[in-house]
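Okay, here's what each chain looks like letter by letter:
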Amino acid sequence: MRKSILILENDPEIKTILKDKLENCGFDVRCPVDSYVALEHAQNNVLDLIILNDDMPIINGENTLQILRQQNVDIPAILFLSKIKTAQDFSHFKACVCMHKPFKIDLLISEVHHLLNT
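Rules behind the numbers
Residues numbered from 1 in each chain as written. Predicted model: local features only at pLDDT ≥ 70, side-chain atom pairs only at ≥ 80, totals over all residues. Heavy atoms only, no water. Salt bridge = Lys/Arg side-chain N within 4 Å of Asp/Glu carboxyl O. Helix = DSSP H or I, 4+ residues; strand = E, 2+ residues; numbered from the N terminus. Buried < 20%, exposed > 50% of the residue type's maximum accessible area, 1.4 Å probe, protein only. Arc of directions from axis to C-beta. Polar contact = N/O pair within 3.5 Å; in protein donor to acceptor, adjacent residues only side chain to side chain. Phe/Tyr/Trp six-rings, centres within 6.5 Å; stacked < 30°, edge-to-face > 60°. Contact = heavy atoms within 4.5 Å.

Re the pattern of salt bridges
Next, step 1: Applying the stated criterion across every chain yields a total of four salt bridges.
Next, step 2: The partner of D28 in a salt bridge is R2, and the shortest N-O contact between them spans 3.7 Å. One end of the pair, D28, is in strand β2 (residues 28–30); the other, R2, is in the segment before β1 (4–8), with 26 residues separating them in the sequence.
Next, step 3: Salt-bridge contacts for D28 lead to R30; the nearest nitrogen and oxygen are separated by 3.4 Å.
Next, step 4: The exposure class of R30 is partly exposed, given its relative accessible area of 39%.
Next, step 5: Linked by salt bridges that have partners in common, R2, D28 and R30 make up one network.

Laid out in structure tokens, this is it:
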């Protein structure tokens, strides 16, 4: 069975690149339109990983991840950070890898495989 990944990203170009690359690696990828839809999807579906941008409008990535953790959705996450934040700011989240944009796609794919043990 294919591993399922949810991508919450507001930059359409980055979202498309990530989706295409991850699907080519054999993952089932979902890209909800906003944080509300992402939260609903994560609560109602089995997910193996979430990739989210901390600079999302409405509910930022950190708050989205915090809501998921409070609802016992403890899937691994990759969180894209703004330049002013550091990985230490998010060390309270278990199974969370932080990356700054711009990132190298090969490094992201490596982190995905590492988090999913694939």
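Notes on helix α3 (residues 61–70)
Next, step 1: Residues of α3 that are buried include every one of G61, E62, T64, L65, L68 and R69, and no others. All buried residues of α3 fall inside an arc of 165 degrees around its axis, so they share one side.
Next, step 2: By the N-cap criterion, in which a side-chain oxygen at the helix start approaches the backbone nitrogen of a residue two or three places on, α3 is capped by N60, the distance to E62 being 3.2 Å.
Next, step 3: In the stretch just after α3, N72 is the one whose phi turns positive, near 60 degrees.

Describing the packing of aromatic side chains
Next, step 1: Scanning all chains against the criterion turns up one aromatic pair.
Next, step 2: Between F80 and F103 the ring centres are 4.7 Å apart and the planes differ by 5 degrees, which places this aromatic pair in the stacked class. You can see F80 sitting in strand β4 (residues 77–81) and its partner F103 sitting in the loop between β5 (96–100) and α4 (105–116), a full 23 residues away along the chain.
Next, step 3: Classification of F80 as buried rests on a relative accessible area of 1%.

Examining the side chain of S4
Next, step 1: The topology assignment puts S4 in strand β1.
Next, step 2: Contacts of S4, omitting those with residues within four sequence positions, involve D28, V46, L47, D48 and L49.

Nothing here speaks to function; it is all geometry.
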